[in-house]
Amino acid sequence: MSAPDLLAELALNLGADVVGWAPARVPAGSVAEYAGWLAAGRHAGMSYLERQLPARAEPQTRLEGALSVLVLGLSHAFEPPLRPTDGVRVGQVARYAWTPDYHDQLQPVLTRLEHEAAAMANRAKGYVDHGPVMERLFAAGAFMGWRGKSGMLVSTEYGAFMTLAVVLTDLPLEGVTAPHPDRCGRCTRCVQACPTAAIGPDRAIDARRCVSYLTIEHRGPVPDEFRPGIGDWLFGCDVCSAVCPWTLKAGPLARTLRPLPELAYPDLTQFFGISEREFERRFAGTAFLRPRRKGMARNALTVLGNTRDPQGWPLLLAGRLDPAWEVREAAAWALGQWGELSHLEALLDDPHELVRDRAARLWAGG
Ligand code: SF4
Ligand code: SF4
C-alpha cells in the first residue's frame, strides 16, 4: 500500500468518518477572493485572519516543501441527547459544541498521523481549525464535498455538519481528481433561512451579521439590530447547515464525536453568580470557554429577551448585578423586552455609560 493510502487508512481507523487527499496548492483566484472578503471587512473583529492571509495563501510557509494535504472529516450530525430536567435550560447550542472541544479530541489523532508520516521518512503537520489553513478549499479539492451557498463544506453523504482537520505533508500525489462539482443547483434554502441575512451572493458570510460570530467571537454588546435575529441561539447557529437538503438527507451520522446533554442543554444559572475562573474550571475542555462566562451570560440574557421564557426571570434580576458591564447592559435590554421597566431603576446610576444610557432610554420610554 502507498504511503498516502496508509495514512488515509490510519485516519479512518482513528475515527475520521471520511478522508481525502488534495494538492497543497491554493489557487490565485481563491486567495484573491479571500483577500476581497477581508478588504470588505466581513471578518468583523477577527483581525488575526488578516495577519494569517500570507500563510493561508501558501501552505509551504507552514510546512516547507508541502505537496499534499490529507483532509479528515468527522460528522457532528448528532442525534439529540435527552434533555436534563433540572435548571434553566433555555436556548440552543450549535451542534459542534455539544461535544467536548473537538480541537482537543482531534489533536491526538493529528499527532499520531504526524508520527506515522515521520516513521515513513516523510514530514507532516496537522491543523484543526486553529491554524491558518484553508480546510474547506482542501476538502473540496479532496473530493469530499463542495463549498455550498452557505459558505460551508457540503457533502452528498454527510451534509453540512462536518468538522474538518487537515495534515499537510511532503508526499507527492498521483492521479489527483478534479474538485467536487457544485451540487447546490437552484436551491437557496440556507440563504433564505439565515435569520440575519448574513450570507452573500458570493457564498461568503458576513461575520458582522452572523449569529455564530455574534454569540461566540464578538466582545461587548451585540448591535441592537441583530438581537432579534439571535432568537434562542445561546451559542453559535446551525440554521444554514440544518436546513440544507443534503444535511436532512444524511440524517444523524456522527460516529466518533459524542454529544453530552449538559453541553447541548446547558443550565443557564451556571453563567451567573460565579467568577470567570470558576466558569473556566467548570467548562474546561468545552467550546464555551471562547466567549467566556460574560459572553455566555450576555447571550443567555439576549435569548431570554427574545423568548421571554418565565423560567429565566431570576436570571434577568441576577444579570442587573453582574460584575461585567456587557451582562448588565444585556439585562437592561432584556428587561425592556419584557416590559419590566420598574426593575431598571437600579441601573440608572450604573458606573458604565452604555448601561446607564440603555436604562435611561428605556426608563424614559424611548
Ligand atoms: S450560522 Fe446562522 S446567522 Fe450565520 S450565516 Fe448561517 S444561518 Fe446565518
Ligand atoms: S441549503 Fe441548498 S443552497 Fe444552501 S448549501 Fe445546501 S444545497 Fe446549497
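Residues numbered from 1 in each chain as written. Chains lettered and ligands numbered in written order. Predicted model: local features only at pLDDT ≥ 70, side-chain atom pairs only at ≥ 80, totals over all residues.

Asker: Would you mind showing me how to read the overall build of the protein chain here?
Answerer: Counting its secondary structure elements, the protein chain contains 17 helices and eight strands. Taking 366 residues into account, the globule formula puts the C-alpha radius of gyration at 21 Å, and the protein chain, at 22 Å, falls close to it. Each principal axis of the C-alpha atoms in the protein chain carries an extent, and together these give about 70 × 40 × 35 Å. Burial status across the protein chain gives 47% buried among its 366 residues. The contacts of the protein chain with a sequence gap of at least 6 include a subset with a gap of at least 24, amounting to 74%. (Helix = DSSP H or I, 4+ residues; strand = E, 2+ residues; numbered from the N terminus. Rg over C-alpha atoms; globule rule 2.2 N^0.38 Å. Buried ≥ 20, exposed ≤ 12 C-beta atoms within 10 Å, placed from the backbone. Contact = placed C-beta atoms within 7 Å.)

Asker: Mind showing me how you'd approach the sheet that holds strand 4 (residues 124-127) here?
Answerer: Remark on secondary structure: sheet strands pair via backbone hydrogen bonds, oriented parallel or antiparallel. Read across the open sheet, the four strands follow the order 1-2-7-4; overall the sheet is antiparallel. The open sheet terminates on both sides in strands that have one partner only, identified here as strand 1 (18-23) and strand 4. Neighbour to neighbour, the strand axes of the sheet diverge by 20° on average, direction disregarded. Taken together, the six bridges between strand 1 and strand 2 (residues 68-75) define a ladder with antiparallel strand orientation. Among the inter-strand pairings, proline 23 is bridged to a residue of strand 2, identified as serine 68. Each of strand 4 and strand 7 (162-169) is contacted by helix 5 (residues 102-119), which is oriented at about 170° to strand 4, the strand it contacts most. (Pairing = 2+ DSSP bridges. Axes fitted to C-alpha atoms, helices over the stretch in contact; angles between N-to-C directions.)

Asker: Is there a simple way to explain the site of ligand 1 in this structure?
Answerer: Contacts to ligand 1 come from 13 residues, most closely from Cys194, Cys210, Cys237, Val239 and Cys240. Looking at the shell around ligand 1, the elements with two or more residues in it are helix 8 (211-216) and helix 10 (239-242). For the shell around ligand 1, a count of residues per class yields ten nonpolar, three polar and no charged. (Near = placed C-beta within 6 Å. Nonpolar A, V, L, I, M, F, W, Y, C, P; charged D, E, K, R; others polar.)

Asker: Is there a simple way to explain the site of ligand 2 in this structure?
Answerer: Every one of the 13 residues lining ligand 2 counts as a neighbour, but Gly148, Cys184, Cys187, Cys190 and Cys244 are closest to it. Secondary-structure elements contributing two or more residues to the shell around ligand 2 are helix 7 (189-193) and helix 11 (245-250).

Asker: I'm lost on the environment of glutamate 116 in this one. Help?
Answerer: By the element assignment, glutamate 116 lies in helix 5. Residues glutamate 116 and leucine 7, 109 residues apart in the sequence, show an inter-C-alpha distance of 7.5 Å. Setting aside its immediate chain neighbours within four residues, glutamate 116 contacts Leu7 and Leu10.

Asker: Just to check I follow, could you spell out helix 16 (residues 325-338) for this structure?
Answerer: Given a rise of 1.5 Å per residue, 14 residues ought to cover 20 Å, and the 20 Å separating the end C-alpha atoms of helix 16 matches this to within 8%. The element helix 16 is extensively covered by neighbouring structure, given that ten of its 14 residues are classed as buried. Buried within helix 16 are the following residues: Glu326, Val327, Arg328, Glu329, Ala330, Ala331, Ala332, Trp333, Ala334 and Leu335. The inward-facing, buried residues of helix 16 contact helix 9 (227-230), helix 14 (292-307), helix 15 (313-320) and helix 17 (353-363). (Expected span 1.5 Å × (residues − 1).)

Asker: Explain the environment of phenylalanine 161 here, please?
Answerer: Secondary-structure assignment places phenylalanine 161 in the loop between strand 6 (153-154) and strand 7. In this structure the C-alpha to C-alpha distance between phenylalanine 161 and serine 47, which are 114 residues apart in sequence, comes to 26 Å. With near-sequence residues (within four places) excluded, phenylalanine 161 lies in contact with Ser75, His76, Ala77, Arg95, Ser241 and Thr247.

Asker: Hey, could you run me through the nonpolar core in this one?
Answerer: When a protein is soluble and globular, its nonpolar side chains tend to lie buried together. One finds Val69, Leu70, Val71, Val166, Ala300 and Leu301 to be the most contacted residues of the largest nonpolar core, which totals 107 residues. Per element, the largest residue contribution to this core is seven residues, and it comes from helix 16. In this structure leucine 301 touches Leu315, Leu316, Gly319, Val327, Ala330, Ala331 and Ala334, once residues within four positions along its chain are discounted. (Core = buried A, V, L, I, M, F, W, Y, C linked by C-beta atoms within 7 Å.)

Asker: Would you mind going over the packing of helix 14 against helix 16 with me for this structure?
Answerer: Any two packed helices are characterised by how steeply their axes cross, that is the angle between the axes, and by the distance between the axes. Where helix 14 contacts helix 16, the axes come no closer than 8 Å and their chain directions differ by 5°. Here helix 16 runs roughly parallel to helix 14, going by the angle between their axes. Counted together, Lys294, Ala297, Arg298, Leu301, Thr302, Leu304 and Gly305 of helix 14 and Glu326, Val327, Ala330, Ala331, Trp333, Ala334 and Gln337 of helix 16 form the full contact between these two elements. Residues that form the contact of helix 14 with helix 16 fall into these classes: eight nonpolar, three polar and three charged. (Parallel < 35°, antiparallel > 145°, perpendicular 65-115°, else oblique.)

Asker: Explain the domain arrangement of the protein chain to me, please; I cannot follow it from the model alone.
Answerer: You'll often see interface size given as the accessible area lost when the parts meet. Looking at the protein chain, the domain boundaries give domain 1 (1-265) and domain 2 (267-361). For domain 1 versus domain 2, the distance between C-alpha centres works out to 31 Å. Looking at the side of domain 1 that touches domain 2, the elements with two or more residues in it are helix 8, helix 9 and strand 8 (233-235). The biggest single contributor to the side of domain 1 that touches domain 2 is helix 9, with three residues. Tallied by class, residues from the side of domain 1 that touches domain 2 come to twelve nonpolar, five polar and five charged. (Domains from an automatic or database assignment.)

Asker: What is the right way to look at unusual backbone geometry in this model?
Answerer: Most peptide bonds take the trans form, and the phi angle of most residues other than glycine is negative. We note that arginine 203 has phi near 65°; this positive angle belongs to a residue other than glycine. Its location among the elements puts arginine 203 in the loop between helix 7 and helix 8. For arginine 203, a count of 18 C-beta atoms within 10 Å translates into the label partly exposed. At arginine 308, a position not held by glycine, the phi torsion is positive, near 50°. Secondary-structure assignment places arginine 308 in the loop between helix 14 and helix 15.

Asker: Before we go on, may I ask you to explain helix 1 (residues 3-13) in this structure?
Answerer: It helps to recall that an α-helix has 3.6 residues per turn; residues three or four apart then point in one direction. Within helix 1 the residues assigned to the buried category are Leu7, Ala8 and Ala11. The buried side chains of helix 1 occupy one side of the element, clustering within an arc of 100° when seen end-on. For helix 1, the exposed residues set more than 90 degrees away from the buried face come down to Asp5, Glu9 and Asn13. Looking at the buried positions of helix 1, the neighbouring elements they touch are strand 1, strand 2 and helix 5. Of the residues flanking the end of helix 1, it is glycine 15, one or two places downstream, whose phi is positive at about 120°. (Arc of directions from axis to C-beta.)

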